[in-house]
Amino acid sequence: MAASSAGAQTATLVAYVVSGDAIPQSLTGMPGDAARGRAIVVNRQKGLCLLCHTGPFAEERFQGDLAPSLAGAGSRWNEGQLRLRMVDSRRVSPDTIMPSYYRIDGLTRVGAAWRDKPVLSAAEIEDVVAFLQTLRE
């Protein structure tokens, strides 16, 4: 990590290549862990997913309805497509309300907790992608 001019720590992001509507290669070079990914998805302080999405999480109350259901995500999108949607969904849908989970530049109205660092690490992105791939309806 490099220090910014204000003395805060800024993240160094792993380089990736976008191909069409996907990031085909893992950000870490390894597959993620689906169990850790599920924990991130249902954690309202970490992943924030259930604020907008609903899914097959019967134990979770008050799931969102602003975005598509996560049920069947692994059938609708391949691994690379899911990865791009997590990293920077605006690359696929410029008007989306979904935050960019692995981007720090060019953003506006960023909460102090996420300023100059991604919402999720590269490993956490891979964990969520691995979990979403298991959701086949």
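Residues numbered from 1 in each chain as written. Predicted model: local features only at pLDDT ≥ 70, side-chain atom pairs only at ≥ 80, totals over all residues. Heavy atoms only, no water.

Enquirer: What am I meant to see in the packing of helix α1 (residues 34-42) against helix α4 (residues 122-134) here?
Expert: In helix packing, the relevant descriptors are the interaxial angle and the interaxial distance, both defined with respect to the helix axes. Here α1 crosses α4 at 95°, and the two axes come no closer than 7 Å. By the angle class used here, α1 and α4 are roughly perpendicular. On α4, the residues touching Ala-34, Arg-36, Gly-37, Arg-38, Ile-40 and Val-41 of α1 are Glu-124, Asp-127, Val-128, Ala-130, Phe-131 and Thr-134. Split into classes, the residues belonging to the contact of α1 with α4 amount to six nonpolar, two polar and four charged. (Axes fitted to C-alpha atoms, helices over the stretch in contact; angles between N-to-C directions. Helix = DSSP H or I, 4+ residues; strand = E, 2+ residues; numbered from the N terminus. Parallel < 35°, antiparallel > 145°, perpendicular 65-115°, else oblique. Contact = heavy atoms within 4.5 Å. Nonpolar A, V, L, I, M, F, W, Y, C, P; charged D, E, K, R; others polar.)

Enquirer: Before we go on, may I ask you to explain the state of the cysteines in this structure?
Expert: Simply put, the disulfide is a covalent bond whose two ends are the sulfur atoms of two cysteines. Tallied over the entire structure, the rule returns zero disulfides. For the unlinked cysteine Cys-49, the closest cysteine sulfur is that of Cys-52, found at 9.1 Å. Cys-49 gets classed as buried once you look at its relative accessible area, which sits at 9%. On the basis of relative accessible area, Cys-52 is assigned to the partly exposed category, the value being 24%. (Disulfide = S-S within 2.5 Å. Buried < 20%, exposed > 50% of the residue type's maximum accessible area, 1.4 Å probe, protein only.)

Enquirer: Looking at this model, I keep getting lost on the packing of aromatic side chains. Mind explaining?
Expert: For any pair of aromatic rings, geometry is given as the distance between the ring centres together with the angle between the planes. Tallied over the entire structure, the rule returns one aromatic pair. Measuring from ring centre to ring centre gives 6.1 Å for Phe-57 and Phe-131, while their planes differ by 35°; the resulting arrangement is tilted. Linking Phe-57 in the loop between α1 and α2 (73-76) with Phe-131 in helix α4, this pair joins segments that are 74 residues apart in sequence. Both residues of the pair, Phe-57 and Phe-131, belong to the buried class. (Phe/Tyr/Trp six-rings, centres within 6.5 Å; stacked < 30°, edge-to-face > 60°.)

Enquirer: How should I be thinking about the nonpolar core in this particular structure?
Expert: In globular proteins that are soluble, nonpolar side chains generally tend to be buried together. Formed by 25 residues in total, the largest nonpolar core has its most connected members in Met-86, Leu-120, Ile-125 and Leu-132. Breaking this core down by element, the ones donating at least two residues are α1, α3 (79-88) and α4. No other element matches α4, which puts six residues into this core. Dropping the residues within four chain positions of it, Leu-120 is found in contact with Ile-40, Lys-46, Met-86, Tyr-101, Tyr-102, Ile-125 and Val-128. (Core = buried A, V, L, I, M, F, W, Y, C linked by side-chain atoms within 4.5 Å.)

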